[in-house]
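For reference, the chains in residue letters:
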Amino acid sequence: MTASSALPGPHASTLDLGGRTALVTGAAGGIGRACALRLAAAGAKVRAVDRDVAGLDALAGQSAGLAGTVEPHVLDLTDLDAAEDAAAGTDVLVNNAGLQLVRPIEEFPPEVFHTVLTVMLEAPFRLIRGALPHMYGQGWGRIVNVSSVHGLRASPYKAAYVAAKHGLEGLSKTAALEGAPHGVTSNCVNPAYVRTPLVERQITDQARAHGIPEERVVSEVLLQDSALKRLIEPEEVAEAVAYLCGPHASFVTGTSLVLDGGWTAH
(Lines give C-alpha, C1' and ligand atoms only; values in the text may rest on other atoms or scores of the structure.)
Protein backbone atom coordinates (compact mmCIF):
# COMPACT_ATOMS: atom_id res chain seq x y z
CA MET A 1 0.00 0.00 0.00
CA THR A 2 1.42 3.38 -0.95
CA ALA A 3 1.40 6.38 1.39
CA SER A 4 -1.17 8.20 -0.71
CA SER A 5 -3.53 5.19 -0.89
CA ALA A 6 -3.57 5.00 2.91
CA LEU A 7 -4.73 8.58 3.31
CA PRO A 8 -8.17 9.40 4.70
CA GLY A 9 -10.89 9.86 2.15
CA PRO A 10 -13.35 12.76 2.07
CA HIS A 11 -15.74 10.93 4.42
CA ALA A 12 -13.08 9.75 6.90
CA SER A 13 -14.70 11.39 9.93
CA THR A 14 -18.27 12.42 10.65
CA LEU A 15 -18.88 16.07 9.93
CA ASP A 16 -22.24 17.58 9.09
CA LEU A 17 -22.12 21.11 7.71
CA GLY A 18 -25.51 20.96 6.04
CA GLY A 19 -27.01 24.43 5.93
CA ARG A 20 -23.63 26.08 6.56
CA THR A 21 -21.76 28.37 4.19
CA ALA A 22 -17.99 27.97 4.01
CA LEU A 23 -15.47 30.20 2.27
CA VAL A 24 -12.10 28.80 1.24
CA THR A 25 -9.39 31.01 -0.26
CA GLY A 26 -6.80 29.68 -2.66
CA ALA A 27 -9.36 27.04 -3.57
CA ALA A 28 -8.30 26.35 -7.15
CA GLY A 29 -5.53 23.93 -6.19
CA GLY A 30 -3.52 22.18 -3.53
CA ILE A 31 -4.68 22.49 0.07
CA GLY A 32 -7.48 24.88 -0.82
CA ARG A 33 -9.00 22.52 -3.35
CA ALA A 34 -8.81 19.63 -0.88
CA CYS A 35 -10.47 21.77 1.82
CA ALA A 36 -13.24 22.92 -0.51
CA LEU A 37 -14.03 19.35 -1.52
CA ARG A 38 -13.87 18.10 2.08
CA LEU A 39 -16.27 20.74 3.37
CA ALA A 40 -18.61 20.24 0.41
CA ALA A 41 -18.56 16.50 1.14
CA ALA A 42 -19.78 17.42 4.64
CA GLY A 43 -22.74 19.26 3.14
CA ALA A 44 -21.47 22.85 3.16
CA LYS A 45 -22.21 25.41 0.49
CA VAL A 46 -18.61 26.34 -0.33
CA ARG A 47 -17.57 29.67 -1.78
CA ALA A 48 -14.37 28.74 -3.58
CA VAL A 49 -12.25 31.89 -3.84
CA ASP A 50 -9.27 32.17 -6.18
CA ARG A 51 -8.03 34.26 -9.09
CA ASP A 52 -7.44 31.11 -11.18
CA VAL A 53 -10.57 30.82 -13.32
CA ALA A 54 -9.61 27.54 -14.97
CA GLY A 55 -8.70 25.98 -11.64
CA LEU A 56 -12.02 27.00 -10.12
CA ASP A 57 -13.91 25.57 -13.08
CA ALA A 58 -12.08 22.26 -12.66
CA LEU A 59 -12.87 22.27 -8.94
CA ALA A 60 -16.56 22.80 -9.61
CA GLY A 61 -16.52 19.77 -11.88
CA GLN A 62 -14.84 17.67 -9.20
CA SER A 63 -17.54 18.56 -6.68
CA ALA A 64 -20.37 16.91 -8.60
CA GLY A 65 -22.21 14.38 -6.49
CA LEU A 66 -21.08 15.69 -3.12
CA ALA A 67 -23.58 16.44 -0.36
CA GLY A 68 -22.86 20.15 -0.58
CA THR A 69 -21.97 22.53 -3.39
CA VAL A 70 -18.93 24.43 -4.62
CA GLU A 71 -19.54 27.89 -6.06
CA PRO A 72 -16.54 29.44 -7.86
CA HIS A 73 -15.82 33.01 -6.82
CA VAL A 74 -13.09 34.69 -8.87
CA LEU A 75 -11.27 37.18 -6.67
CA ASP A 76 -7.79 38.64 -6.35
CA LEU A 77 -7.17 38.97 -2.61
CA THR A 78 -5.11 42.10 -3.08
CA ASP A 79 -8.53 43.75 -3.56
CA LEU A 80 -9.05 43.94 0.18
CA ASP A 81 -12.47 45.61 0.11
CA ALA A 82 -13.79 42.89 -2.19
CA ALA A 83 -12.28 40.22 0.07
CA GLU A 84 -14.09 41.60 3.10
CA ASP A 85 -17.36 41.81 1.18
CA ALA A 86 -17.00 38.20 -0.02
CA ALA A 87 -16.87 36.92 3.56
CA ALA A 88 -20.27 38.31 4.56
CA GLY A 89 -22.63 35.57 5.70
CA THR A 90 -19.89 33.00 6.13
CA ASP A 91 -20.21 30.32 8.82
CA VAL A 92 -16.84 28.65 8.20
CA LEU A 93 -13.84 30.63 6.97
CA VAL A 94 -10.68 28.89 5.77
CA ASN A 95 -7.84 31.33 5.11
CA ASN A 96 -5.54 29.32 2.88
CA ALA A 97 -4.29 31.39 -0.05
CA GLY A 98 -0.56 31.89 -0.18
CA LEU A 99 2.46 32.55 -2.34
CA GLN A 100 6.16 32.08 -1.92
CA LEU A 101 9.46 33.50 -3.12
CA VAL A 102 12.81 32.20 -1.94
CA ARG A 103 15.49 34.92 -1.88
CA PRO A 104 18.03 36.34 0.60
CA ILE A 105 16.70 39.43 2.35
CA GLU A 106 19.12 41.75 0.57
CA GLU A 107 17.84 40.46 -2.79
CA PHE A 108 14.16 40.17 -1.85
CA PRO A 109 12.02 42.50 -4.00
CA PRO A 110 10.16 44.92 -1.70
CA GLU A 111 7.08 44.82 -3.92
CA VAL A 112 6.89 41.03 -3.57
CA PHE A 113 7.27 41.30 0.21
CA HIS A 114 4.35 43.74 0.20
CA THR A 115 2.19 41.45 -1.94
CA VAL A 116 2.90 38.40 0.22
CA LEU A 117 1.93 40.28 3.39
CA THR A 118 -1.19 41.64 1.70
CA VAL A 119 -2.45 38.24 0.48
CA MET A 120 -1.36 36.15 3.48
CA LEU A 121 -1.96 38.48 6.44
CA GLU A 122 -3.96 41.57 5.57
CA ALA A 123 -6.49 39.70 3.44
CA PRO A 124 -7.17 37.13 6.21
CA PHE A 125 -7.76 40.04 8.59
CA ARG A 126 -10.26 41.59 6.19
CA LEU A 127 -11.97 38.23 5.56
CA ILE A 128 -12.31 37.61 9.30
CA ARG A 129 -13.59 41.13 9.74
CA GLY A 130 -16.20 40.50 7.06
CA ALA A 131 -17.28 37.15 8.46
CA LEU A 132 -17.55 37.96 12.17
CA PRO A 133 -20.80 39.98 12.21
CA HIS A 134 -22.76 37.00 10.86
CA MET A 135 -20.91 34.52 13.07
CA TYR A 136 -21.48 36.65 16.17
CA GLY A 137 -25.11 37.18 15.28
CA GLN A 138 -25.86 33.44 15.19
CA GLY A 139 -23.56 32.51 18.08
CA TRP A 140 -21.47 30.06 16.02
CA GLY A 141 -18.53 30.24 13.66
CA ARG A 142 -15.33 28.46 12.70
CA ILE A 143 -12.19 30.25 11.51
CA VAL A 144 -9.36 28.03 10.33
CA ASN A 145 -6.15 29.69 9.21
CA VAL A 146 -3.86 27.48 7.15
CA SER A 147 -0.56 28.54 8.61
CA SER A 148 2.62 26.49 8.34
CA VAL A 149 5.47 25.09 10.35
CA HIS A 150 6.95 28.44 9.28
CA GLY A 151 4.41 30.12 11.52
CA LEU A 152 6.32 28.52 14.40
CA ARG A 153 9.86 28.26 13.01
CA ALA A 154 11.93 30.30 10.57
CA SER A 155 13.98 29.23 7.58
CA PRO A 156 16.49 31.33 5.66
CA TYR A 157 15.52 33.02 2.40
CA LYS A 158 11.79 33.15 3.21
CA ALA A 159 11.45 36.53 4.91
CA ALA A 160 8.01 37.41 3.56
CA TYR A 161 6.44 33.98 4.00
CA VAL A 162 7.77 33.53 7.54
CA ALA A 163 6.73 37.05 8.53
CA ALA A 164 3.23 36.55 7.12
CA LYS A 165 2.71 33.18 8.80
CA HIS A 166 3.98 34.43 12.17
CA GLY A 167 1.57 37.34 11.87
CA LEU A 168 -1.28 34.99 10.97
CA GLU A 169 -0.64 33.04 14.17
CA GLY A 170 -1.11 36.20 16.23
CA LEU A 171 -4.19 37.25 14.30
CA SER A 172 -5.73 33.81 14.81
CA LYS A 173 -5.15 33.91 18.57
CA THR A 174 -6.64 37.39 18.85
CA ALA A 175 -9.72 36.28 16.90
CA ALA A 176 -10.02 33.30 19.26
CA LEU A 177 -10.00 35.47 22.36
CA GLU A 178 -12.51 37.94 20.94
CA GLY A 179 -14.72 35.25 19.42
CA ALA A 180 -14.99 32.94 22.43
CA PRO A 181 -17.94 34.74 24.07
CA HIS A 182 -19.79 34.53 20.73
CA GLY A 183 -19.34 30.82 20.01
CA VAL A 184 -16.64 31.42 17.40
CA THR A 185 -13.39 29.44 17.41
CA SER A 186 -10.21 30.40 15.59
CA ASN A 187 -7.26 28.09 15.06
CA CYS A 188 -4.28 27.50 12.82
CA VAL A 189 -3.32 24.34 10.98
CA ASN A 190 0.43 24.08 10.59
CA PRO A 191 1.66 21.63 7.96
CA ALA A 192 5.24 21.18 6.89
CA TYR A 193 5.83 20.73 3.17
CA VAL A 194 2.68 19.67 1.32
CA ARG A 195 2.57 18.12 -2.14
CA THR A 196 1.24 21.23 -3.87
CA PRO A 197 2.20 23.35 -6.88
CA LEU A 198 3.51 26.02 -4.48
CA VAL A 199 6.02 23.58 -2.98
CA GLU A 200 6.95 22.14 -6.35
CA ARG A 201 7.71 25.64 -7.66
CA GLN A 202 9.98 26.25 -4.67
CA ILE A 203 12.42 23.53 -5.61
CA THR A 204 14.13 25.54 -8.34
CA ASP A 205 14.35 28.62 -6.10
CA GLN A 206 15.71 26.57 -3.21
CA ALA A 207 18.31 24.93 -5.44
CA ARG A 208 19.52 28.35 -6.56
CA ALA A 209 19.50 29.82 -3.03
CA HIS A 210 21.38 26.91 -1.48
CA GLY A 211 23.63 26.19 -4.46
CA ILE A 212 22.66 22.52 -4.79
CA PRO A 213 21.02 20.45 -7.54
CA GLU A 214 17.21 20.31 -7.56
CA GLU A 215 17.15 16.57 -6.84
CA ARG A 216 18.82 17.22 -3.47
CA VAL A 217 16.39 19.95 -2.39
CA VAL A 218 13.61 17.66 -1.12
CA SER A 219 15.83 15.40 0.98
CA GLU A 220 18.42 17.93 2.15
CA VAL A 221 16.35 21.11 2.51
CA LEU A 222 12.60 20.51 2.58
CA LEU A 223 12.67 17.34 4.71
CA GLN A 224 15.90 17.94 6.61
CA ASP A 225 14.17 18.68 9.92
CA SER A 226 11.25 16.28 9.49
CA ALA A 227 11.35 12.90 11.22
CA LEU A 228 8.87 11.58 8.64
CA LYS A 229 10.61 11.72 5.29
CA ARG A 230 7.72 12.41 2.94
CA LEU A 231 5.62 15.30 1.77
CA ILE A 232 2.17 15.72 3.30
CA GLU A 233 -0.82 15.18 1.03
CA PRO A 234 -3.36 18.02 0.72
CA GLU A 235 -6.15 15.69 1.86
CA GLU A 236 -4.40 15.20 5.21
CA VAL A 237 -4.43 18.94 5.81
CA ALA A 238 -8.08 19.15 4.75
CA GLU A 239 -8.99 16.49 7.29
CA ALA A 240 -7.35 18.56 10.05
CA VAL A 241 -9.36 21.57 8.89
CA ALA A 242 -12.53 19.48 8.97
CA TYR A 243 -11.78 18.31 12.52
CA LEU A 244 -11.56 21.92 13.72
CA CYS A 245 -14.99 22.59 12.19
CA GLY A 246 -16.63 19.61 13.88
CA PRO A 247 -18.44 19.22 17.20
CA HIS A 248 -15.57 17.40 18.91
CA ALA A 249 -13.37 20.52 18.49
CA SER A 250 -15.77 23.00 20.08
CA PHE A 251 -13.33 23.59 22.97
CA VAL A 252 -10.31 23.92 20.70
CA THR A 253 -9.51 27.56 20.03
CA GLY A 254 -6.53 29.88 19.94
CA THR A 255 -4.12 27.08 19.18
CA SER A 256 -2.08 25.59 16.33
CA LEU A 257 -2.65 22.05 15.08
CA VAL A 258 0.80 21.01 13.91
CA LEU A 259 1.25 18.49 11.06
CA ASP A 260 5.01 18.71 10.65
CA GLY A 261 6.27 15.14 10.79
CA GLY A 262 8.21 15.87 13.95
CA TRP A 263 9.95 19.04 12.74
CA THR A 264 9.18 21.09 15.86
CA ALA A 265 9.99 18.15 18.17
CA HIS A 266 13.68 19.04 17.83
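Colleague: Please clarify how the pairing of strand E3 (residues 69-74) should be interpreted in this entry.
Modeller: In the case of a regular strand, side chains alternate between the two sheet surfaces. Direction of pairing for strand E2 (residues 45-50) relative to E3: parallel, over a ladder of six bridges. Considered in E3, the bridge of Val49 is made with His73. Remark: the E2/helix H2 (residues 53-62)/E3 crossover connection has right-handed handedness.

Colleague: Sorry if this is basic, but what is going on with unusual backbone geometry here?
Modeller: Trans is the prevailing form of peptide bonds, just as negative phi is the prevailing case for residues other than glycine. Of note in the backbone geometry, Tyr157 takes a positive phi value of approximately 75° without being a glycine. With respect to the element layout, Tyr157 can be found in the loop between strand E5 (141-146) and helix H5 (159-179).

Colleague: Looking at this structure, how should I read the pattern of salt bridges?
Modeller: Working definition: two side chains of opposite charge can pair if their charged atoms are close together. All chains considered together, the criterion is met by nine salt bridges. Where Glu84 meets Arg126, a salt bridge forms, and the shortest distance between an N and an O atom there is 2.5 Å. Pair noted here: Glu84 is in helix H3 (residues 80-86) and Arg126 is in helix H4 (residues 110-138), with a separation of 42 residues, a long-range link. A residue is classified by how much of its surface remains accessible, and Glu84, at 15% relative accessible area, is buried. Between Glu236 and Arg230 there is a salt bridge, with the nearest N and O atoms lying 2.9 Å from each other. We classify Arg230 as partly exposed; its relative accessible area is 33%. Each member of the salt-bridge network shares a partner with another, and the members are Asp81, Glu84, Arg126 and Arg129.

Colleague: I keep staring at the packing of aromatic side chains and nothing clicks. Help me out?
Modeller: For any pair of aromatic rings, the description consists of the separation of the ring centres together with the inter-plane angle of the planes. Applying the stated criterion across every chain yields a total of two aromatic pairs. Arranged with centres 6.3 Å apart and planes meeting at 85°, the rings of Phe108 and Phe113 form a pair that is edge-to-face. Aromatic side chains Tyr193 and Trp263 sit 5.9 Å apart centroid to centroid with 20° between the ring planes, which places their arrangement in the stacked category. Here Tyr193 is found in the loop between strand E6 (184-191) and helix H6 (197-210), whereas its partner Trp263 is found in the segment after strand E7 (256-259), with 70 residues between them in sequence. The pair Tyr193 / Trp263 is uniform in exposure class, with both members buried. Taking NZ or CZ as reference, Arg20 lies 3.8 Å from the ring centre of Trp140, over its face.

Procedures and definitions
- Counting restarts for each chain, with residues numbered from 1 along the sequence as it is written.
- The model is predicted, so local features are restricted to residues of pLDDT at least 70 and side-chain atom pairs to those at 80 or more, both for listing and for counting; the totals for chains, interfaces and linings are taken over all residues.
- The side-chain values count all of the structure's non-hydrogen atoms but skip hydrogen atoms and water molecules.
- DSSP bridges decide pairing: two strands pair if at least two such bridges lie between them.
- Counting from the N terminus, the helices are the DSSP runs of H or I reaching at least four residues and the strands are the DSSP runs of E reaching at least two.
- For a crossover, the right-handed case is the one in which the path from the first strand over the helix to the second runs clockwise, viewed with the strands pointing away from the viewer.
- A pair is scored as a salt bridge if a Lys or Arg side-chain nitrogen falls within 4 Å of a carboxyl oxygen belonging to Asp or Glu.
- Between buried and exposed lies partly exposed: a residue is buried under 20% and exposed over 50% of the maximum accessible area for its type, with that area taken using a 1.4 Å probe on protein chains only.
- In this scheme Phe, Tyr and Trp rings, the latter by its six-membered ring, pair at centre separations within 6.5 Å, and the angle between planes marks the pair as stacked below 30 degrees, edge-to-face above 60, and tilted otherwise.
- The criterion for a charge sitting over a ring is simple: Lys NZ or Arg CZ within 6 Å of the ring centre, and within 35 degrees of the ring normal.

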